[in-house]
Amino acid sequence: MKNMPTAIEVVEGIKTGTISCEELVSKIYEQIEQSELNCFITLNKEGALEQAIEVDKNRAEGEYKRKKLLGVPIAIKDSISTKGIQTTCASKILTGYVPPYDATVVEALKREGAIILGKTNMDEFCMGTSTETSYYGATKNPYDLSRVPGGSSGGSAAAISAGEAVLALGSDTGGSIRCPASFCGITGLKSTYGLVSRHGLIAYANSLEQIGPMASNVTDTALLLEVLSAKDEHDCTQVKLNNNASTNYCCSWLNEAENVSDIFKGMKIGVPKEFIEGVSPEVGKAVWDAIHKFEEFGATYEEISMQSMKYALTSYYLIAMSEASSNLARFDGLRYGLRPDKDEDWHTTFSRIRGGGFGEEVKRRIILGTYALSAGYYGKYYLKALKVRTLIKDEFDDVFKKHDILAMPTMPFVAFKLGERIKDPLSLYLADVNTVPINLAGVPSISIPCGFSQGLPIGLQLVGKHFDEDKILRAAFGFERIFLKK
Ligand code: GLN
């Protein structure tokens, strides 16, 4: 939809009565129903329209006026549980599963007045970089229908990019928010591990993943992060920050919009060569242009080297697959997953349900993860990967003693063609080279658009130290101002 308002504009418009929520939501569904992109697996049309009417009716009431996302239509990745709305993780094995409860982040969205549009397409169980492993078919890139939207949160990114949602949720284990954000020309943030509750997120690799905001601009991203970082008693890995100000992401820098130099003055940026040397020339150029803009507006930068990065991909895939093999054990036809429809012994049911319910990539990872965890190989693979992970985290900690943020490309190239890499899993894994180190270290990172190559968007990744979301958002906001003015 052309001229889609931002989330901030929607909230303002609804509160002042210049936007009708019902009209906005209906228009978005029209757009979705005509779309060729395949962004959604399940729609919540009736529920959303009912809620929109409710919002229009009550918008002037005190309680409604305080809601941070009043009437904002949002799309939810299908790995996040939604009470009463089918949640499949894009897998055949979960088809028909309707969660009896909401993920904590979904509760928070509802509390703040957001309207749930539906569940977005993704790689099956979040395993992929292109949204092609979905049981429900691939999503297409809105910039070029013959290309992938990135993954695994490809449906969420394409939906925002094409005006099929104002905001979206993604989840990021090794790049799944930032990769599709980069390929679809939108903004996506993976928070510090432990900032956002994972309660209700269907687990792929618990020690790496975070639910996070996806939006058309930085301010909306910050606003959504603020809502998502609500405290949760159900997730013991959530860090309980005691000062409330640190989750007030949206306010501190908005006043600096007019004078971008105030944002960048004195900022020290590190540019690690391991993240930029091997990327395509167009991507490298766009990212260097961005870094030079930061410099022009008062920041300084230094090229640095991060030696342990060369082990990040191997370590990531060993850890992620090991955790996945254990997490996915619950889909056995008894506890979760398709139900047995025949009278047969448990072993036969188990093999039949898992053999037929999981896709090829998921099965590959379960097998590889089980192997890495097996007696005899545990020390050689899994434990070693954990040790490497500690080295990587330490190296990030070190780098942030001298630098405020790091700047680098999100992806080494722009969106590739549908079908181009899916037959060669290794080539897909390699595409994650710049995103997975961030999850291993648990630090926050944002991807924002910084240019185009052959009409396809390029993403700039800004990384901060643990719980420095505010700093990367501020820098991204400053850059957005500069970039949009060009
Ligand atoms: N592409 C990576 C993987 O397949 C990352 C996926 C994710 O972040 N969920 O593991």
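Residues numbered from 1 in each chain as written. Predicted model: local features only at pLDDT ≥ 70, side-chain atom pairs only at ≥ 80, totals over all residues. Heavy atoms only, no water.

Draft legend 1. Highlighting the pattern of salt bridges. Applying the stated rule across the entire model yields 19 salt bridges. Two residues, Arg 178 and Asp 172, come together in a salt bridge whose shortest N-O distance is 2.9 Å. In this structure, the salt-bridge partner of Lys 293 is Glu 296, at a minimum N-O distance of 3.8 Å. Placement of both Lys 293 and Glu 296 in helix α10 (residues 281-296) is noted, with a separation of 3 residues, approximately one turn of the helix. What makes Lys 293 partly exposed here is its relative accessible area of 24%. Assessed through its relative accessible area of 57%, Glu 296 is described here as exposed. Among the ionic contacts, a cluster of salt bridges with common partners joins Glu 360, Glu 361, Arg 364 and Arg 365. (Salt bridge = Lys/Arg side-chain N within 4 Å of Asp/Glu carboxyl O. Helix = DSSP H or I, 4+ residues; strand = E, 2+ residues; numbered from the N terminus. Buried < 20%, exposed > 50% of the residue type's maximum accessible area, 1.4 Å probe, protein only.)

Draft legend 2. Molecular detail of the environment of Ile 366. Here Ile 366 lies in helix α13 (residues 360-373). Distance in space between the C-alpha atoms of Ile 366 and Val 72 is 38 Å, their sequence separation being 294 residues. If sequence neighbours within four positions are ignored, Ile 366 has contacts with Ser 325, Leu 328, Arg 354 and Phe 358. (Contact = heavy atoms within 4.5 Å.)

Draft legend 3. Molecular detail of the site of the ligand. Near the ligand there are 15 residues, and of these Thr 173, Gly 174, Ser 176, Tyr 204 and Tyr 316 occur at the shortest range. Taking Gly 128, its main chain carries an N or O atom lying 3.0 Å from an oxygen atom of the ligand. In this structure, Thr 173 approaches the ligand through a main-chain N or O atom, which is 2.7 Å from an oxygen atom. (Near = heavy atom within 4 Å. Polar contact = N/O pair within 3.5 Å; in protein donor to acceptor, adjacent residues only side chain to side chain.)

Draft legend 4. Fine view of the packing of helix α5 (residues 104-111) against helix α8 (residues 218-228). Two numbers describe how α5 lies on α8: the axes approach to 9 Å, and their chain directions differ by 115°. Our classification of the angle between α5 and α8 gives roughly perpendicular. Judged by residue contacts, Val 105, Ala 108 and Leu 109 of α5 engage Leu 224, Val 227 and Leu 228 from α8. Taken together, the residues of the contact of α5 with α8 break down into 6 nonpolar, no polar and no charged. (Axes fitted to C-alpha atoms, helices over the stretch in contact; angles between N-to-C directions. Parallel < 35°, antiparallel > 145°, perpendicular 65-115°, else oblique. Nonpolar A, V, L, I, M, F, W, Y, C, P; charged D, E, K, R; others polar.)

Draft legend 5. Spotlight on α10. Its 16 residues place the ends of α10 22 Å apart at the C-alpha level, agreeing with the 22 Å of an ideal helix rising 1.5 Å per residue. Of the residues making up α10, those classed as buried are Val 283, Gly 284, Ala 286, Val 287, Ala 290, Ile 291 and Phe 294. The arc that holds every buried residue of α10, seen down its axis, measures 165°, which confines them to one face. Facing away from the buried side of α10 by over 90 degrees, the exposed positions are Pro 281, Lys 285 and Glu 296. (Expected span 1.5 Å × (residues − 1). Arc of directions from axis to C-beta.)

Draft legend 6. Spotlight on the nonpolar core. Counting 97 residues, the largest nonpolar core has Leu 109, Leu 169, Leu 460 and Leu 462 as the members making the most contacts within it. Looking at this core, the element that brings in the most residues is helix α17 (residues 469-485), giving 8 residues. Ranked by size, the runner-up nonpolar core spans 47 residues in total, among them Ala 312, Ile 353, Phe 400 and Ala 441. (Core = buried A, V, L, I, M, F, W, Y, C linked by side-chain atoms within 4.5 Å.)

Draft legend 7. Spotlight on the packing of aromatic side chains. Scanning all chains against the criterion turns up 19 aromatic pairs. Ring centres of Tyr 371 and Tyr 377 lie 4.6 Å apart, and the angle between their planes is 25°; on these two criteria the pair is classed as stacked. Taking relative accessible area as the criterion, Tyr 371 reaches 40% and is therefore assigned partly exposed. Measuring from ring centre to ring centre gives 6.1 Å for Phe 413 and Phe 416, while their planes differ by 80°; the resulting arrangement is edge-to-face. Among the residues examined, Phe 416 registers a relative accessible area of 3% and is labelled buried. The structure contains a cluster of three or more aromatic residues connected by ring pairs, namely Phe 264, Phe 294, Phe 479 and Phe 483. We note Lys 67 situated over the ring of Tyr 64; from NZ or CZ to the ring centre the distance is 5.4 Å. The cationic tip of Arg 421 hangs over the ring face of Phe 416; the distance from NZ or CZ to the ring centre is 5.0 Å. (Phe/Tyr/Trp six-rings, centres within 6.5 Å; stacked < 30°, edge-to-face > 60°. Lys NZ or Arg CZ within 6 Å of the ring centre and 35° of its normal.)

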